[in-house]
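Fold and contact review
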Amino acid sequence: MPVNPVSEVERVEQQLASATAARQRDHAAYLAALQDAVALTRADPDAAEVFHLTELLDELAQAYADTGRFDEALQTIREAVDAGLGGEPDSRCRIAEILMRAGRVAEAEPIWTQVKADTPGDVWLFNNAGLEYAAVGDHTTALAWLTDGMRIALDSGDPERLIPQLIDLRRTSMTELNLEADDLQARAADFHAERERDSRQRILRTTAPAPVAGHRAAASPMLVALAWFPAEEYDEALARWPELTEPGGAAAGGRSHAEYCRAMQAKLAEAADTGAARVSIAPIRVGALLAWCAERGEDPRDARAGYAADLARTQPGQLISWPPGRNEPCWCGSARKYKKCGGAPRTGDHG
């Protein structure tokens, strides 16, 4: 009996959704789901209405790379590029990234160089190249790329909003090279601080309109700020408060930080669905939380939500706005674009 193509599309769609949403990712199941989706999309026009082949190939290449299957990852990402994979930076950079993660730096270098010649003003190129060189321990080359990228971002007014990430990445490489912060780093910090001040002023103007005689002032949009431990605070938080790993806790089952962030992404989406006009993330620094609690006589085990609310009220510049743009760095600090991390496309979502 012939297979109903619509039913087959639905089956693969459900298979991929299930594998993607799993808290404890089963890499074999995820790979199988991606492979089935790629095969079906190539063979069935109905599937091509649901899935984007280039995005599937990109995700499949990443899954191969994550499991150390670099030859298959390279073959797949080259197929994606040939099929018209888009995005910023130039899609050839994905080939260079996988080559570097495979330890084949010499093969990646001419790709970076060629893309730089073709797109000299793409700040994402410099960000990603710097990130990859830093990952393999070549901080001298990383710093050169990041420095050029920061200059481009500053000269253009940073429309991609990459200055905060470039500041952090440059700081890391400069520390590894025993270099002091330079004038460029200071200029970027001043630029970022000024933009944050402007952003806070815009929020105040938006949420607190001037009253009009004879009319009640409109209510301020509901702001939700959810407490979140960044990667560098996560292990200490779990050590201090093991109840976080209990069923129902933020880190139930002792999930990895990446899994914790995936759960956080779901909570953020739920908050937005309840009608909150603005959703933000309040990064929790353990030391700052303990000091805040000591000052107020609060129990740190029960004070995270209160601390997050106080940050939103008194230090809104410390909050992370959510969601970022699809091409902006993910809120979780992974240094991947949001669309490839927390906001990764799900089945049927290719926006």
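Definitions and limits used
Residues numbered from 1 in each chain as written. Predicted model: local features only at pLDDT ≥ 70, side-chain atom pairs only at ≥ 80, totals over all residues. Heavy atoms only, no water. Helix = DSSP H or I, 4+ residues; strand = E, 2+ residues; numbered from the N terminus. Buried < 20%, exposed > 50% of the residue type's maximum accessible area, 1.4 Å probe, protein only. Contact = heavy atoms within 4.5 Å. Core = buried A, V, L, I, M, F, W, Y, C linked by side-chain atoms within 4.5 Å. Polar contact = N/O pair within 3.5 Å; in protein donor to acceptor, adjacent residues only side chain to side chain. 1 Å grid on protein atoms, 1.4 Å probe; cavity = no way out; pocket = protein on both sides within 12 Å on 5 of 7 lines; lining within 4 Å. Points joined across faces, edges and corners; volume = space filled by probe spheres on them. Nonpolar A, V, L, I, M, F, W, Y, C, P; charged D, E, K, R; others polar. pLDDT = per-residue confidence, 0-100. Phe/Tyr/Trp six-rings, centres within 6.5 Å; stacked < 30°, edge-to-face > 60°. Arc of directions from axis to C-beta.

1. Remarks on the environment of Leu 85
The residue Leu 85 is located in the loop between α5 (70–82) and α6 (92–101) in this model. Accessibility expressed as a relative area gives 10% for Leu 85, which makes it buried. When the C-alpha positions of Leu 85 and Leu 53 are compared, they lie 8.9 Å apart, and in sequence the two are 32 residues distant. Leaving out residues up to four positions away in the same chain, Leu 85 has contacts with Thr 54, Asp 58, Ile 77, Ala 80, Ser 91 and Arg 94.

2. Focus: the nonpolar core
Core analysis: the largest hydrophobic core is formed by 43 residues, its most contacted members being Leu 16, Phe 51 and Trp 112. With residues near it in sequence (within four places) discarded, Trp 112 still touches Cys 93, Ala 96, Glu 97, Met 100, Leu 125, Asn 128, Ala 129, Glu 132, Tyr 133 and Trp 145. Of all hydrophobic cores here, the second largest spans 34 residues; its members include Ala 237, Ala 271, Val 286 and Leu 289.

3. Side note on the side chain of Ser 173
Relative to the helices and strands, Ser 173 resides in helix α10 (residues 163–176). Since its relative accessible area comes to 1%, Ser 173 is described here as buried. Of note is the side chain of Ser 173, whose polar atom sits 3.0 Å from the side chain of His 139. The contacts of Ser 173, once residues within four sequence positions are left out, are Ala 134, His 139, Ala 142, Leu 143 and Leu 146.

4. Some thoughts on the layout of surface pockets
Space inside the second largest pocket adds up to approximately 240 Å³. Lining the second largest pocket are 16 residues; nearest its centre among them are Leu 226, Ala 227, Ala 250, Lys 267 and Arg 304. Mapped by element, the contributors of at least two residues to the lining of the second largest pocket are β1 (223–228), α13 (257–273) and α15 (304–314). Here the residues of the lining of the second largest pocket sort into 13 nonpolar, no polar and 3 charged.

5. Quick notes on unusual backbone geometry
Residues Trp 322 and Pro 323 are joined by a peptide bond in cis, for which omega reads -5°. In this fold, Pro 323 is placed in the segment after β3 (320–322). Despite not being glycine, Asn 178 has its phi angle at roughly 60°, a positive value. In this fold, Asn 178 is placed in the loop between α10 and α11 (183–207). Residue classification places Asn 178 among the exposed positions, given a relative accessible area of 70%.

6. Re the side chain of Ser 91
With respect to the secondary-structure elements, Ser 91 resides in the loop between α5 and α6. Owing to a relative accessible area of 9%, Ser 91 belongs among the buried residues under this scheme. Contacts of Ser 91, omitting those with residues within four sequence positions, involve Val 81, Leu 85 and Gly 86.

7. Observations regarding the confidence of the model for the chain
Put simply, the chain has an average pLDDT of 82, and 83% of its residues get 70 or more. Ranking the elements of the chain by mean pLDDT puts helix α1 (residues 5–21) last, at 71, and helix α7 (residues 105–118) first, at 98. Between residues 1–6, whose pLDDT stays under 50, and residues either more than four places distant or in other chains, the model counts 4 contacts. Low pLDDT, under 50, characterises residues 345–351; the predicted model gives this stretch 15 contacts beyond four residues in sequence or across chains.

8. What to know about the packing of aromatic side chains
This structure, assessed with the given rule, holds 6 aromatic pairs. Consider the rings of Phe 126 and Trp 145, whose centres lie 5.4 Å apart with planes at 50°: the pair is tilted. A residue pair is termed long-range when its members are at least 10 positions apart, and Phe 126 in helix α8 (residues 123–135) and Trp 145 in helix α9 (residues 139–156) qualify at 19 residues. For Trp 145, a relative accessible area of 11% corresponds to the buried category. Residues Trp 292 and Tyr 307 carry aromatic rings whose centres are separated by 5.4 Å and whose planes lie at 65° to one another, so their mutual orientation is edge-to-face. Placement of the pair is Trp 292 in helix α14 (residues 286–296) and Tyr 307 in helix α15, with a sequence separation of 15 residues. Comparing Trp 292 with Tyr 307 shows no difference in burial state: the two are buried.

9. So, α14
Listed in full, the buried residues belonging to α14 are Val 286, Leu 289, Trp 292 and Cys 293. In an axial view of α14, the angular spread of the buried residues amounts to 130°, which keeps them on one side of the axis. Seen from the open side of α14, the exposed residues pointing more than 90 degrees away from its buried face are Ala 294 and Glu 295. In this fold, the buried residues of α14 make contact with α12 (231–240) and α15. Looking one or two places after α14, you find Gly 297, whose phi comes out positive at around 70°.

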